[in-house]
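Spelled out, the chains give:
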Amino acid sequence: MAEELKLVTTWSQSVHEMQLGATRQEGGSRKAALTVGGEGALPFLFKEGALPHKPLIAAEIFDVPQDDEPEALRRDLKGISGDPVSWAKAMIADAGADLVSLKLAGIHPDGANTSAGQAVSLVKKILAAVDRPLIVLGCGEAARDNEVLPLVSEATKGERLLFGDAVQENYKTLTAACIADGHNIIAESPIDVNIAKQLNILISDLGMPANRIIINPTIGALGYGLEYAYSIMERARNAALSGDKMLAMPFICFVGQESWRAKEARVPASESPAWGDAAERGIMWEVVTAMSCLQAGADILTMRHPRAIKIIKSEIQELMKRP
Amino acid sequence: MDKCIVTFLPDNKKVVVDRGTSLLSAALTAHIHLNSSCGGDGVCGKCRVLVKAGKVHAEPSGRISPEERKAGISLACQTLAESDLTVEILPESRLDLSALSREELALRLRGIYAPAEDVQEARPGLAQEVFAFQPLVEKFYFQLPAPDFNDKLSDLERVCRAVQEKIGEAPLHTGLANLRKLGELLRASSWNVTVSVAAKGPVYEILTIEPGDGSRKNFGLVFDIGTTTITGQLVDLTQKKVLGTKATYNRQATFGSDIITRIIYAQAADGLEKLHHAVVDVLNEMTESFIDEHKVDLNDVTCVCVSGNTTMIHLLLRIDPSHIRQAPYVPTANYIPVVKAAEAGLKINPHGALYCLPGVSSYVGGDITAGVLSCEIFKSKDLELLIDIGTNGEIVLGNNEWLISCAASAGPAFEGSGMTCGLRAVRGAIQAVTVDPKSLDVKYTTIGGDKPRGICGSGYIDLVTQLLAAGVVDKNGKLNRQKTHQRLRPSASGYEFVVVFGPQAGMDSDIVLTDADLDNFKRAKAAIYSAAALLVRHMELNVGDIRKVFIAGGFGTSLNVESAVFIGLIPDLPRERYAFVGNSSLAGAREVLLSREAAQACDRIAGNITYFELSTDAAYMDEYMAALFFPHTDASRFPSVRY
């Protein structure tokens, strides 16, 4: 760097460190535990404070096939996305994801409406197949999630997984389950720093230690409100580093889910020739969104496309090189 | 058009209306006032009636259950007369327009509710002399020298010369009616006359000239016209004494419980006329009972001084208020010139004057100017804050150098409107609550010690405080579904907490607090707190810099300061900095009535208050969101609060 950073801020507090996964000695079955958070400075400003852990990439997978998958994803995940277990394995082994984020979309009563037992056995199978920590997400239907997630939590007791999403209107059941079974929890707020903090307080009030909560600030993809998400994350992280304990949680950003929802990632070249190759476009949409989230302070990025994951992974390595 | 005869029970009042008239309009025609917060839009569900005989067309409403509909219950505003009818007004639908009881008066006028207190003799505020005593209308008795060849001054100039010896060389006007009778009157009374003189800013006007010495008989009226309540006092202007105090509901409530609904109603045919008459009738009835009770001649009432929010003043004067709710929210007038009371329809001496206290903006009215005057914020070296808690919360921050105000739309939750079991601060309203944190036993007191009928604002504040402390409500304002207790149960709209079980309350249904109520309540408290916090922040000050907080409004009288801080309604400051001032609007109006100096000060205050528009401030939404939590998202702002 030709120009040296001259203005150095001293912060009063670090972000909580969250441990994901428990090893055999710790009562789980993971090969190694991962740690996120712990930042004592804004992203990649090593001169201002410690940045002990690199951001992680979690591969987004689903329990049941998604029928609205964009062309590029369908083609590039062909052969693996039909079976969640092999999908999970491939994303770790081939794409290089650090962990897996499983969305139990199939339990939705209006969807495949798979049983709680199916969900539990799938999670167990994935845990057996990959030795990494797992993120388990509900289908988003509050009542159904409150039925199924506690059972999954109980069945994986001691593994120190990450469950989500707790929201302001529905956080008690999931929080209670995660506390009881030693898991971490995702607190989701709608691009609002106040609600993010309120939810952290509410979850803490139930007895959940602050270092087992991660903030999902809700992001929008590039062109779909990314800048709002960026500024909310920036505000929250500034508050955290300035001493606000109830905002001093790491961030998880659902990059894949949001990026592949963007029109620019979906429309085939035949419809918009000027936009160029659809597959490349989608991947770049995911990469740019992910990079922005990293700059805003993301600790875990959930991503979809194997190539996007590879690109971001190497970028993280570059960014984490201490000057 | 076909006519229908509608008979209202139990009043047994009959009224003839056009076919197709709503029962709400018919009731109004019969001078029966029904609760109707929404002004007849079918939204509030408060105007329930029972159609006992006859044919009606009732629009379906979610506020009426199928069973109720079968039983003949419907909303008066959504039910049209199709034939002759017999309609029973259900007790809960009736707008109780009787004058408030003495206890309730005490509640509204004094700092803290004390049933034994006699407001009529309490004379609050008169003890201290802040402004020189010089009423807006004075009466002088003159024994004028009769004219002769050496002193050929005209009759009028003769009177003026005498008056100006009293008031100085200020311009002096009078009306033609006085002139026409002047010559005869002076001579018939042997040049002994009483002249009443009104101060109109720098100009004076001779209102009346009467024979003989009537200078000891000079009375004035003050009114605070609130959106919900109207309070009035009869004042002896020579003795500087409050003779009587009365309060009653603002009958405009029939046309909507908040000012916006009323402004919309004013656009309807005859709407403005009806709103105007609703308030003028109340003022005239109050005046009549004052003069009856105190044996005062109506002609000796020379002056009325009124404070109220900008909309209320517009409606009193029958000025179209529509521009108040249209951007950029400009009223017809903030400073109302002194007019003849008779022109506004007020029955006092036909030449009597009407003073309206000057307002600041569309949403910060003369009532707030009056509050600043009576709390003397404009004289204070220290930073002080006035919070007038009502449907529209008005806030003034400042000192003797500057004043800034804003209005926060809190909604009527604190006045009991829009809450499942909400009630205004009337007899039978639960006003203070304690909840045992273990057994969840509820103890409460009601206004007047009556059987509980509902919960008023201060009751809600206590209740929410106690439930937060007991863990029944979380910081987000949601009832705890995990807790099992007979008082907690699912309801049609989520979850509810039973405050009083029905049979105990003498009601068919229980008195409950629902999740939806908590939501309304949270929004109301957040609006007030965030507005106050934002004003302080806007001036780049800290809340801790505020040395004194005045809490005004009918609601503020029985407020428990600990509870109000606990829920985050008011800033967490040392408790001795809080003062409850009750009806500061009426107190300010009375000071103006009794002192020209106060009137001038009031004009200056209104001119000095900067109005800060919250709706266009980007930081407000953020402050508001942060305040939508108990006590606040930033707990460090409420260091004394733990739960």
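Remember, it's a predicted structure, so these values are computed and weren't measured experimentally. (Residues numbered from 1 in each chain as written. Chains lettered and ligands numbered in written order. Predicted model: local features only at pLDDT ≥ 70, side-chain atom pairs only at ≥ 80, totals over all residues.)

On to the overall build of chain A. Helix and strand counts for chain A come out as 11 helices and 10 strands. Against the globule reference of 20 Å for 323 residues, chain A gives a C-alpha radius of gyration of 19 Å, in line with a compact fold. Once the C-alpha set of chain A is aligned to its principal axes, its extents read approximately 55 × 55 × 35 Å. Counting only residues that meet the buried cut, chain A has 49% of its 323 residues in that class. Here the analysis covers contacts within chain A between residues at least 6 apart in sequence; of these, 70% occur between residues at least 24 apart. (Helix = DSSP H or I, 4+ residues; strand = E, 2+ residues; numbered from the N terminus. Rg over C-alpha atoms; globule rule 2.2 N^0.38 Å. Buried ≥ 20, exposed ≤ 12 C-beta atoms within 10 Å, placed from the backbone. Contact = placed C-beta atoms within 7 Å.)

Okay, the overall build of chain B next. Within chain B one finds 17 helices and 29 strands. Over its C-alpha atoms chain B spans a radius of gyration of 27 Å, differing by no more than 12% from the 26 Å that the globule rule assigns to 643 residues. Dimensions of chain B, computed from the C-alpha atoms along their principal axes, are close to 100 × 65 × 45 Å. The contacts in chain B between residues at least 6 apart in sequence include a share of 68% that link residues at least 24 apart.

Time to look at the sheet that holds strand β17 (residues 353-356) of chain B. All names here are of chain B. Across the sheet, which stays open at both edges, the six strands sit in the order β14-β13-β12-β15-β17-β16 with mixed pairing between neighbours. Bordering the open sheet on either side are β14 (241-249) and β16 (339-340), each of which pairs with just one other strand. Two elements, strand β15 (residues 301-308) and β17, share four bridges in a ladder whose sense is parallel. Paired with Cys303 across the strands is Ala353, a residue of β17. Together, β12 (219-225), β13 (229-236), β14 and β15 form the strand contacts of helix α8 (residues 271-293), whose direction differs from that of β14 by roughly 140°. Helix α10 (residues 366-375) contacts β12, β15 and β17 of the sheet and is inclined by roughly 100° relative to β15. (Pairing = 2+ DSSP bridges. Axes fitted to C-alpha atoms, helices over the stretch in contact; angles between N-to-C directions.)

Before going further, it helps to examine the domain arrangement of chain B. It is common to give the size of an interface as the accessible area that goes away when the parts come together. Domain assignment breaks chain B into domain 1 (3-93), domain 2 (137-211), domain 3 (220-356), domain 4 (376-411 + 523-634) and domain 5 (413-521). Taken over C-alpha atoms, the centre of domain 3 of chain B sits 35 Å from the centre of domain 5 of chain B. (Domains from an automatic or database assignment.)

So, about the sheet that holds strand β20 (residues 403-409) of chain B. Residues and elements named next belong to chain B. With mixed pairing, the six strands of this open sheet are ordered in space as β28-β27-β18-β19-β20-β29. Two strands close off the open sheet at either side, each with one partner strand: β28 (578-582) and β29 (609-611). Averaged over neighbouring strand pairs, the angle between their axes works out to 20° when direction is ignored. Pairing between strand β27 (residues 548-552) and β28: four bridges, direction parallel. If you follow Val549 over to β28, its bridge partner there is Tyr578. Strands β18 (384-388), β19 (392-398) and β20 of the sheet are contacted by helix α13 (residues 515-538), whose axis makes an angle of about 20° with β19.

In this section: helix α6 (residues 176-188) of chain B. Residues and elements named next belong to chain B. Along its 13 residues, α6 runs 19 Å from first to last C-alpha, staying within 8% of the 18 Å computed at 1.5 Å per residue. Along its length, α6 reaches its greatest deviation from straightness, about 50°, at Leu182. Where α6 terminates, the next one or two residues include Ser190, which has phi positive at roughly 55°. (Expected span 1.5 Å × (residues − 1). Bend = angle between axes of the 7 residues up to and from the residue.)

Our focus in this paragraph is the environment of Lys340(B). Within the secondary structure, Lys340(B) is located in strand β16. Apart from the residues within four sequence positions on either side, Lys340(B) is in contact with His351(B), Ala353(B) and Leu354(B).

Next up on the list: the nonpolar core. Counting residues in hydrophobic clusters, the biggest one holds 162 residues, and the most contacted among them are Val306(B), Ile395(B) and Ile528(B). For this core, the element with the most residues is α13(B), which contributes 13 residues. With near-sequence residues (within four places) excluded, Val306(B) lies in contact with Phe223(B), Ile225(B), Ile313(B), Leu316(B), Leu354(B), Tyr355(B), Cys356(B), Leu357(B) and Ala589(B). The next biggest cluster of nonpolar side chains, apart from the first, holds 97 residues, and it includes Trp87(A), Ala187(A), Ile215(A) and Cys253(A). (Core = buried A, V, L, I, M, F, W, Y, C linked by C-beta atoms within 7 Å.)

Of note, the bond from Gly164(A) into Asp165(A) is cis; its omega dihedral lies within 30 degrees of zero at -10°. By the element assignment, Asp165(A) lies in strand β6 (residues 162-166). In this chain, Ala327(B) is followed by Pro328(B) through a cis amide linkage whose omega measures 0°. On the secondary structure map, Pro328(B) appears in the loop between α9 (310-316) and β16. Backbone geometry at Lys240(B) places phi at a positive 55°, although glycine is not the residue there. Relative to the helices and strands, Lys240(B) is located in the loop between β13 and β14. Backbone geometry places Leu440(B), a non-glycine residue, at a positive phi of 60°. Within the secondary structure, Leu440(B) sits in the loop between β21 (429-435) and β22 (442-446). By the C-beta count within 10 Å, which is 19 here, Leu440(B) ends up partly exposed.

Residues and elements named next belong to chain A. Here helix α4 (residues 142-155) crosses helix α5 (residues 172-181) at 5°, and the two axes come no closer than 9 Å. Judged on the interaxial angle alone, α5 and α4 are roughly parallel. Across the interface between the two elements, Asn146, Leu149, Pro150, Ser153 and Glu154 of α4 pack against Thr173, Leu174, Ala177, Cys178 and Asp181 of α5. Classifying every residue of the contact of α4 with α5 by side-chain character gives five nonpolar, three polar and two charged. (Parallel < 35°, antiparallel > 145°, perpendicular 65-115°, else oblique. Nonpolar A, V, L, I, M, F, W, Y, C, P; charged D, E, K, R; others polar.)

Let us now look at the packing of helix α2 (residues 84-95) of chain A against helix α3 (residues 116-129) of chain A. Residue and element names in this part refer to chain A. In contact at an axis separation of 9 Å, α2 and α3 are set at 35° when each is read in the N-to-C sense. Here α2 and α3 pass one another in a crossing that is right-handed. Where α2 approaches α3, its residues Pro84, Val85, Ala88 and Lys89 are matched on the opposing element by Leu122, Lys125, Ile126 and Ala129. (Left-handed = near helix turned anticlockwise from the far one by under 90°.)

Turning to helix α7 (residues 259-267) of chain B, its buried residues number three or more, namely Ile259(B), Thr261(B), Arg262(B), Ile263(B), Tyr265(B) and Ala266(B). Contact partners of the buried residues in α7(B): α8, α9 and β19 of chain B.

So, about the confidence of the model for chain B. Residue and element names in this part refer to chain B. Taken residue by residue, chain B gives an average pLDDT of 87. The fraction at 70 or more is 93%. Residue range residues 97-127 is modelled with pLDDT below 50. Its contacts to residues more than four positions away, or to other chains, number 70 contacts. Scoring the predicted complex yields pTM 0.79 and, for the interface, ipTM 0.80. (pLDDT = per-residue confidence, 0-100.)

With that out of the way, let us pick up the pairing of β22(B). Residues and elements named next belong to chain B. As paired elements, β21 and β22 share five bridges and run antiparallel to each other. If you follow Val435 over to β22, its bridge partner there is Val442. The hairpin formed by β21 and β22 contains six residues between the paired strands, and Leu440 there has a positive phi angle of roughly 60°.

Moving on to the environment of Lys522(B). Residue and element names in this part refer to chain B. Structurally, Lys522 can be placed in helix α13. Given 22 C-beta atoms within a 10 Å radius, Lys522 is considered buried. Note: C-alpha distance between Lys522 and Ala410 (112 residues apart in sequence) is 9.7 Å. Once residues lying within four places of it in the same chain are set aside, the contact partners of Lys522 are Gly477 and Leu628.

Further remarks concern the environment of Arg158(B). Residues and elements named next belong to chain B. Position of Arg158 among the secondary structure elements: in helix α5 (residues 155-167). Spatially, the C-alpha atom of Arg158 lies 9.1 Å from that of Ala146, the residues being 12 residues apart in sequence. Setting aside residues no more than four positions away along its own chain, Arg158 makes contact with Leu144, Pro147 and Leu153.

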